[in-house]
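Structural description and commentary
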Amino acid sequence: MGNNKNNPAYTRYVLVMIFLVAVFNTCDRTIMSVLVEDIRADLALSDRQMGFILGFVFALVHFLAGIPLARIADKWSRPKMIALALGGWSAMTAIGGMAQNFMQLAVARMGVGIGEAGGSPPSHALIAEYVKPERRSAAMAVLTLGAIAGLGLGVIYGGWASEHYGWRFALISVGLPGIALAILFWMTVADKRTAPGKSSSEEPLLSVLSVLFKNKPFVLLVLAACAINTTSMGLAMWTPTFLRRVYEFNAAEAGTWYFVLNTLPTAIGALGGAMVVDRMARRDFRWYGWLPGISAMLMVPLGIAFYLWPTEQTLFGVMPAGFMFSIIQSLLAATWAPVTMSLAQSLAPDSHRATAAASWSMISNFIGLGLGPLLVGDLTTRLTPSLGVDAVSWSLVIMTSTGLVASFFYFRLAASLKNH
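The text that follows walks through the structure, step by step, so that each part is easy to find.

Each value, and the rule that gives it
- Residues numbered from 1 in each chain as written.
- Predicted model: local features only at pLDDT ≥ 70, side-chain atom pairs only at ≥ 80, totals over all residues.
- Heavy atoms only, no water.
- Helix = DSSP H or I, 4+ residues; strand = E, 2+ residues; numbered from the N terminus.
- Expected span 1.5 Å × (residues − 1).
- Bend = angle between axes of the 7 residues up to and from the residue.
- Buried < 20%, exposed > 50% of the residue type's maximum accessible area, 1.4 Å probe, protein only.
- Phe/Tyr/Trp six-rings, centres within 6.5 Å; stacked < 30°, edge-to-face > 60°.
- Lys NZ or Arg CZ within 6 Å of the ring centre and 35° of its normal.

The next subject is helix H10 (residues 216-246). Over its 31 residues, H10 runs 44 Å from end to end, which matches the ideal 45 Å to within 8%, given 1.5 Å per residue. Largest kink in H10: about 40°, centred on tryptophan 238, with the proline proline 240 one to four residues after it. Of all 31 residues in H10, 28 are buried; the element is thus mostly enclosed. Glutamate 248 sits one or two residues past H10 and shows a positive phi near 60°.

So, in structure tokens, the structure goes:
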């Protein structure tokens, strides 16, 4: 395999494999969003408990495991770490389908969180190994597109499988194929470095983190990612439930509409945004902050309109009128991800890249995935006595408004990049 490392065809193969890993990563993480109503009814759980399982319990272990596992990947082998992580979280997803109560499901989600913590950061670093900086944002879009495809797979297949065979079958059937992909990844994907981590193998983790967090743009990048992830995860994990309660869709219908409203336009926006920022950043590096800042700001009024638009109004009798706002919002929603991934790699030394990716992604996932779904679930529980089914709508409106905080930090990040 070593002779193929500089072969463009092999680079494309590596990107395809990373794409597939990202698909399983997000599918296994988010499939439960469309299963909320079915799991809640079967295990007699509250919205607050479901918010805890969807977000906080996953995010806590994901955060704690992420940076140490990324450091191991930098010093050992990034591809092998990805393969082990994929196999681990896939097995835990399947085990989650066997849970009989709240605690068992929470433990399974913790296992998924630990596994996925070892997958994403080395994937960022592996792309940086194989792709030149001037094309890196577009290449990083592979991860974003994989995540979006995984989200689409999770909500469409998960809704269909749950509707016909139950939520347990849905989890087990998406978990098992990931184990096969993990074996293939281990056997066929090579680390491009001739001596992985050699230059920094003895450097303490705290020393590496000190280098990263003394860099002001990197700190602002972390803050911006935390803010936008809180908004994104809160919306992503509860919008299928909004569709089921407010529009009275079944699981399969909610999954299909979520794909149309979110997954497909987000994929288009992610790839388009990555290509645009690569081109614009050659003229002014600050576009790495400006583009996601503008997108986050515009998402707020669009999201509010989507969640509050009267359900009875339709466009040409084809779909509810409010859905158009969601489609436009989704076109903007993922522009931040490939831009942030690429910028983090540009701000970090080669030997620190997986650790850099873990630092911003684990912290932002802990804050975003930990707080976003939990806050929406808690708000819905509090508002339901007075608002009934509309409680989830207003909870999501409040969460949408937090996009303004993300916009503020991205504009601050842009200002800090002036001299880069």
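There's plenty left to go through after this.
Describing an aromatic ring pair means giving the distance of the ring centres and the angle of the ring planes. Applying the stated rule across the entire model yields 23 aromatic pairs. Measuring from ring centre to ring centre gives 6.3 Å for tryptophan 336 and tryptophan 360, while their planes differ by 80°; the resulting arrangement is edge-to-face. Of this pair, tryptophan 336 sits in helix H14 (residues 336-347) while tryptophan 360 sits in helix H15 (residues 353-387), and the two are 24 residues apart along the sequence. Given the relative accessible area of 10%, tryptophan 336 is considered buried. Taken together through their ring pairs, the aromatic side chains of Phe242, Tyr247, Phe249, Trp257, Phe306, Tyr307 and Phe323 make up a single cluster. Lying over the aromatic face of tryptophan 186, lysine 80 brings its terminal NZ or CZ to 5.2 Å of the ring centre.

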